[in-house]
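Per-entry structural report
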Amino acid sequence: MGLQPFYNTSEKMKSSFLNSKGIQKIIYPLIQNIKSGHSRYSSCLFIKEILFIESHRFTVNIHFPKNADVLNKARQRLKFEELFYIQLNILQQTKWRDQHYKGFVFGQIGHYFNTFFQRPYPFELTNAQKRVLREIRIDVGSADK
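Remember, predicted model here, so these are calculated numbers, not experimental data. Counting of residues starts from 1 at the beginning of each chain's written sequence and follows it residue by residue. Selection of residues for local features in this predicted model requires a pLDDT of at least 70, selection of side-chain atom pairs for listing and counting requires 80 or more, and totals for whole chains, interfaces and linings are taken over all residues. Heavy atoms from the whole structure form the basis of all side-chain values; hydrogens and water molecules are not counted.

Side note on the overall build of the protein
Put simply, the rule is: Strands here are runs of E lasting at least two residues and helices are runs of H or I lasting at least four, both read from the DSSP assignment and numbered beginning at the N terminus. Only protein chains enter the area calculation, which uses a 1.4 Å probe; residues under 20% of their type maximum are buried, those over 50% are exposed, and those in between are partly exposed. Residue contacts are defined here by distance: any two heavy atoms, one from each residue, within 4.5 Å place the two residues in contact. Computed by Shrake-Rupley with a 1.4 Å probe, the accessible areas treat only the displayed protein chains as cover when residues are assessed.
The number of helices and strands found in the protein is seven helices and zero strands. Ordered by position from the N terminus, the helices and strands of the protein form the series α-α-α-α-α-α-α. Looking at the protein residue by residue over its 145 residues, the buried ones come to 19%. At a minimum sequence separation of 6, the contacts of the protein that also span at least 24 residues come to 40%. For the protein, the exposed area adds up to about 12,000 Å²; of that, 59% sits on carbon and sulfur atoms.

Points about the pattern of salt bridges
Cut-off, in case you're wondering: The working definition used for a salt bridge is a side-chain nitrogen of Lys or Arg within 4 Å of a carboxyl oxygen of Asp or Glu.
This structure, assessed with the given rule, holds four salt bridges. A salt bridge links D98 to R97; the nearest nitrogen and oxygen atoms lie 3.9 Å apart.

Details of the side chain of H63
Structurally, the position occupied by H63 is in helix α4 (residues 56–63). Judged by relative accessible area, which is 16%, H63 ranks as buried. Setting aside chain neighbours within four positions, we find H63 in contact with P5, Y7, I27 and I31.

Overview of a nonpolar patch on the surface
Using the following cut-off: Without a salt bridge and with relative accessible area above 30%, a residue can belong to a patch; like charges are then joined within 9 Å and nonpolar side chains (Val, Leu, Ile, Met, Phe, Trp, Tyr) within 5 Å.
A surface patch of nonpolar side chains, about 500 Å² in accessible area, is lined by F80, F84, Y85, L88 and L91. You can see L88 is positioned in helix α5 (residues 68–100).

Topic: the packing of aromatic side chains
The condition that has to hold: Ring geometry is summarised as follows: Phe, Tyr and Trp rings, the Trp one being its six-membered ring, pair when their centres sit within 6.5 Å, and such pairs are stacked at plane angles under 30 degrees, edge-to-face over 60 and tilted between the two.
Taken as a whole, this structure holds one aromatic pair when the rule is applied. Aromatic pair W96 and Y101: ring centres 5.8 Å apart, planes at 70°, arrangement edge-to-face. On the accessibility criterion, W96 (44% relative accessible area) is partly exposed. We classify Y101 as exposed; its relative accessible area is 54%.

Looking at the side chain of S20
Topologically, S20 is positioned in helix α2 (residues 20–36). Exposure remark for S20: the relative accessible area of 12% places this residue in the buried category. Contacts of S20, omitting those with residues within four sequence positions, involve P5, F6, Y7 and T9.

Observations regarding the confidence of the model for the protein
For clarity, the cut-off: Residue-level confidence of the predictor is what pLDDT reports, using numbers from 0 through 100.
Mean pLDDT over the protein: 75, with 79% of residues reaching 70 or higher. For residues 39–43, every residue scores under 50 in pLDDT, and the model assigns this stretch five contacts once sequence neighbours within four places are set aside.

What follows is the structure in structure tokens.
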């Protein structure tokens, strides 16, 4: 059969007879149904999710690759999609946080910040560091995000 998929399973799964071979036996008929176009499983959330996120070719190649090159390409695609969805989640959380929580606005910059900003350092600050400190002073005194 060529390359065989290997699925990581926990001891609890193995004690319930759900090992890598068992998962393969579950996934193979699902992929065959997608391949043949049967609508028997079309209402199944799992199948809808696979069809929505991944193309048929990718799904088959990740579970039942024809060779190592096809498997590597499918793995790269999977990694890309995982990172893409993680980034979307981070953006969604950031937007939600920005809409629900406003930062504290300092009416005037206090003694500690000014002391830190004007304190002599044992080294010379770069222009970029000086610029960032000025931007921080502006940001903490502004209500704008």
